[in-house]
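# Working through the structure, step by step
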Amino acid sequence: MRKKALYTNDPHIQALAQIVGEEAILYRKEDLIAYDCDGFTVHRHLPKAVVFPKHTAEVAAVVKYCHEHDLPFLARGAGTGLSGGAIPLNGEVVISLVRMKRLISVDLENRRAVVEPGFVNLKLTNSVANRGYYYAPDPSSQYCCTIGGNVAENAGGAHCLKYGVTTNHILGLEVVLPNGEMIEIGENGILDPPGYDLLGLLTGSEGTLGIVTKITVRILKSPEAKQTVLAYFDRVNDASQTVSDIISAGIVPAALEMMDQTAIEAVEAAAFPVGHPNDIEALLLIEVDGISAGIDEQIEEILHICRTRNVREVKVAQDEQERAKWWANRKTGFGAMGAISPDYLVQDGVIPRSKLPEVLQQIQQISEKYGLRIANIFHAGDGNLHPLVLFDSEKPGETEKALAAGSECLQACAAVGGSITGEHGVGIEKKEEMRFIFTDEEITAQTNIRDVFNRKNLLNAGKLFPTPGRCVEVKRA
Amino acid sequence: MHTAQVVEELNALFPHMHKEEQEAHPLGNGGAVALFPQTEDEIRNVVTYAREKKKKLAIIGGGTKRGFGGLVERTDLLLSLANYRGIVEHAVADMVITVKAGTNFQQLQDYLAEYRQKIALDPFLPLSATIGGVIAANDSGPKRLGYGAARDSVIGLRLIYPDGTVIRTGGKVVKNVAGYDMNKLFIGSMGTLGILSEVTVKLRPLPKYESLVLLAFPTGDTDTIRSFAVQFLDSMMEPVCLELLNPSLAEQLTGKRVYTLVIGFEDVKSAVHYQEAFVQRMQPPHTTMTILPPQEAQKFWQTFYEISPNGAMPPTDRAVEAAVKIGVVNLDVISVLRESELLQAFNVDIRAHGGLGHGLCRVYIKGAAESVVSSIEQLQAIAKQRKGYAVVTHLPLSFRQTIDVWGGKPSYFFLLEGIKAKIDPQRMFNDQRFVGGI
Amino acid sequence: MNSTGQNQAKTLGNYRWGDLPDPNKWADCVHCGMCLESCPTYEQTGQEQHSPRGRVHLMKAVAEGKLEITEDFIDPIFACLDCRACTTACPADVDVGGLIEEVRWQIRQAIPLTGTKAFISKLFLQGIFPHPSRLQALGRLLKLYQKSGLQKLVRQTGLLRLFPDHLAEMEAVLPAVGEPVRKKYKHSLVKAKGETKRTVALLTGCVMDVMFSDINEATIRVLTYNGNDVVIPPTQTCCGALHVHAGDKETGKMLAKQNIEAFQDVERVVVNAAGCGCMLKEYPELFRDDPVWHEKATQFSEKVEDISKYLYDTGYERPKAELAMRITYHDACHLAHGQGIRQEPRAILASIPGVELVEMPNADRCCGSAGIYNITHPEMAQAVLQSKMENIPNEVEIISMGNPGCMLQMAIGVLKHGRNEKIVHTVQLLDWAYQKENGKEWRT
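Residues numbered from 1 in each chain as written. Chains lettered and ligands numbered in written order. Predicted model: local features only at pLDDT ≥ 70, side-chain atom pairs only at ≥ 80, totals over all residues. Heavy atoms only, no water.

An unreviewed UniProt entry annotates chain C as Glycolate oxidase iron-sulfur subunit originating from Anoxybacteroides voinovskiense.

In the nomenclature of an unreviewed UniProt entry, chain A is known as Glycolate oxidase of Anoxybacteroides voinovskiense. Comment text from UniProt for chain A, heading Cofactor (unreviewed entry), reads "FAD". (UniProt positions renumbered as here; feature names shortened; annotations may be inferred.)

So this is what it looks like as structure tokens:
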């Protein structure tokens, strides 16, 4: 790789280079383009610069500099977020935390680990797996997303039905506040530190309250036994009913995932096909784990429920290899859309589980209305839907149509008492849709909290909250 | 303004609302006049009245935590939510329930049991506590290991802000990242930011079977306890609690004055028995093991949850009672319990328990006033030495005014102050009830 | 936009030099980021312009006219190892490697290499690799140099310090050179032992045949042992992979045509160098815009198979002699990511009695060899190699793999890190077992 001498007249770039070193700053257009968006590609903006601090003190110094010079800034991890939380809307200085990727300590006896924010999610599980432990939150991007990013987005995953999302596994945070001051919350990962629950507040704040530089997480003992069931249904309604029945039967599956026909078409056309039939309306991927002695009983009950709901075929994974194959097929589902469509827009609505058939029908109607295919991949057990609106951005007007269709899907979720996002975050993408579920007062209540931390609003501005005084209808016009 | 005048004003404004004039209470946190609204509108109207008249409000549910925090004996008004109760919505298939904050906790669990469901929280004094109080004080018991705390169960709240607006946080769905996770801000905020109106929690199925394994360590050798705990926690067993009782608490609950580990299993029957057998196989020498089947286990818990001093009960004798919650790194619980034994030198009764899987201990102290205060100070020192904290969760007002029951302020106190100032600039709600005098 | 459309357009944004990159290749990229952790250069730098999706993003920006082809654009494109690990990781099968090669061609048209870089690149890519006689001459020189004691002299006198560091390291591990098989078996067919079951042609490779002719010999022995007649078409040449990787598509095409013709009359082409095999299988891509040659290339590519997969699929004789060794296996990028061959070589190794096969963590991570990458980007290659070395399991005697470039690079790593592992081609181990079984001296 070429060594580049710092060649710029911009005093801010020079000052930032002083802090992090010349090899740890990008500021030329060719280098910045790669940072103009994250996993959400509809909006693109070039950052002013990208810096790569190596430790907390450098993060604090960069933040302090930006704060003093009124430069907008934001933090970025692997940039896999799906709502645009890491897009430099205002030409921010991007603080990339990927070089802060150490696993600082592991304490198995007390079931915790301390990591830097750039540490990759799956690597944590890999680091403790030989002793039979794991880190529970498993977003589909866990192969490459960072735990810092997971904290910012309060990332979920397929297994949060039983084990909860990121916030349920965070014990402590070291945070650089937007003025450059460093604080530590939940020192030593001790539960319930006296005071308001800032851990809970910061987790999922989408990088608008502070920059996390060290994270204490809970690690769990791997379950003794694990069984995975794959069930094919001719009718999507039967699959939905099966989900409800399983939950009502008092079973708490570790994961309960659903894919519809279009989604199945995509995963089968992509890199990790399983050989699902192409003429079923839905499949369920159900995983139960726990004490080995009780597992067979639960599996029998699940199989029984599937059969009473007219399942076409249902099978239990015979070995880890088969299980891994099913999961790889499911976990790469979003990316797989590339195989059947040039572009896709993923939505992230949540509904009460019992409303599943009703909402799926509405999504079908939205699809017909806009003449765009919508694939559905979702965490059915949580009621967390991922409608994937398929479109071609090269066709004039289709991007706008896709955005409108996606927004309508969220409206359908909100209308049954649901939420506009279960795990992807609001970011840029859904900030106007916040009005579907919150009143102006409720949004102000939240921005008031932001103002306590982020007084100048230099940190990741323009995300998460709707533009004041602008209503959703205007956006649609 | 005299109390009589206030009552007159209130009668004019809220003719149908129940009101009571209040005497001073040894635990403090009272008000000159207690109000018992029955609807959310009534609560809002009281708040509006208070704001306009620049009056302060103390908020109370079942009153079990009246001795927890607070430096004021009697403020202007005591807003009781005891008559604001009931189920707003129970989506049985979705396993989600929304209830009014004043709903009694045990009654709620009994209702849910008919549906084979439960709230996965095990707070103390469930017979008297309200769901709102449990959440505002972030109370949790030994089963936190298996089920988590309020922050893991609460999915939505409805609150009345000091400016009279109704604010909803979260929602009715089990997974939600829309906006800040504002629920967290109010859980454990001791009513200093808003009045809880409705609480939405996700439910869990009632376990199909349960049992308790009591493992008694007569030698009192804490190293043996530790190595057993380490080995057991490293196994793939899934206990819902792994709570260590100090000898005097064990005597009260099991009749044997020895360190006792309470290991709870809740699962299908075969899995519970399998785990009991597992414990049996790894049982250390010189220990005794007793298995309590479901009914006895439930009876054990009923007694257990009532061991904590109850702020809603009149004091029974002259002895001063205190309760302290200590947070340390999980296995340090053993040391905290061992060291708290030494406090008996102050001639106080010490009962203590702590979870080896979650690091939270509770120490109950009973004795002469001075000795209780010294014991608390000792406990704060013990916690500090282990980089943890000790918060006094029950103590008569007069002593709270001399000891910092919160054990000091965190380094980021300015943020807590900032949040309070944004939401409640007039310090209308539960003034001085929380950390650092918030 | 479809590819016929571009043909007529002749330019695509700021790509202006014919043989345009295929926009369909980046259309599938949804910027999800699943490729990031698979990329050795992203692992080293943490910079997204040095990641697969970042590179795709940049290449697309040029096509959209947002970016010119400048030095700062070239850097990330040429820093790519072309290891194809991202292709494996990609949920949508985006062919990043293919795109990189197409864009490198555009770059080389836009900004021809100058100075020393141009000299080295030209010398190796155009002056030596395509000319078997020159390569063989180089090999002879090398042999002479090794035999005559010159090597000892050069090493002792420190003449090597005059070379760039990395070249000096390579020199230290260059294998002793035997006679190239292409020369040795000229015009002749090597008969199968016993009954002939099949006839195969062997791609001898350029580097392979000069520097690792013993592996070619072993390959021939193993093939004939398993009932294959082996032909070595004399007009075959370098596969062109290095040229195409470097953006020299013209030479690549020329070599491809020569090979397609050289192997016209055979039914099966067996390759023992993963990089070459991968290239041969990708010949059709070179002729995307040339229907006649595209057809020929397609037919040709279907005949090509890697030695390990060929043996595995056609059935090979399980060796009976025991090789009591602890072996680990390194997935050559162009075998695992490029051709999807992972399990077959492992199965072969495991089938040798006495062999204890130990999995290497991140076995399919690039070693940093990547054609002539270790010459053009020595620092990055070193960093990548370092990570590789850290993953070698304890107490293995042999690291086995199926690609000569990797073998050289891994040998450098072992030397540099003061390790003792031997670097052996998969097929050599099978050969050793057969040799031992037949009471011959089996270990070289």
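Alright, that's what it looks like, and here's the rest.
## Details of the pairing of strand S3 (residues 228-231) of chain C
Residues and elements named next belong to chain C. Alternating positions in S3 separate into two faces, Asn-228 and Val-230 on one and Asp-229 and Val-231 on the other, with burial throughout. Pairing of strand S1 (residues 189-190) with S3 involves two bridges; the strand directions are antiparallel. Bridging across to S3, Leu-189 finds its partner in Val-231. Looking at chain direction, strand S2 (residues 198-203) and S3 are connected through four bridges and run parallel. The residue of S3 that forms the bridge with Thr-199 is Asp-229. (Buried < 20%, exposed > 50% of the residue type's maximum accessible area, 1.4 Å probe, protein only. Helix = DSSP H or I, 4+ residues; strand = E, 2+ residues; numbered from the N terminus. Pairing = 2+ DSSP bridges.)

## Brief notes about unusual backbone geometry
Even without being a glycine, Asn460(A) presents a positive backbone phi close to 50°. Considering the arrangement of structural elements, one finds Asn460(A) in the loop between helix H16 (440-453) and helix H17 (472-476). Looking at Asn460(A), the relative accessible area reads 3%, which means it is buried. With phi around 60°, Arg116(B) is a residue other than glycine that occupies positive phi space. Relative to the helices and strands, Arg116(B) resides in the loop between helix H3 (105-113) and strand S7 (117-119). Under the relative-accessibility criterion, Arg116(B) is labelled partly exposed at 45%.

## Section: the sheet that holds strand S3 (residues 57-60) of chain B
All names here are of chain B. Ordered by their spatial adjacency, four strands build an open sheet running S1-S2-S4-S3, and the pairing between neighbours is mixed. Two strands lie at the open edges of the sheet, namely strand S1 (18-21) and S3, each paired on one side alone. On average, each strand axis in the sheet is inclined to that of its neighbour by 25°, with strand direction left out of account. As defined by bridge partners, S3 adjoins strand S4 (residues 74-80) across four bridges and the pair is classed as parallel. Bridging across to S4, Ile-60 finds its partner in Ser-80. Contacts from helix H1 (residues 3-13) reach S1, strand S2 (30-36) and S4 within the one sheet, and its direction differs from that of S2 by about 15°. Against the sheet, helix H2 (residues 40-52) touches S2, S3 and S4, its axis set at about 165° to S4. (Axes fitted to C-alpha atoms, helices over the stretch in contact; angles between N-to-C directions. Contact = heavy atoms within 4.5 Å.)

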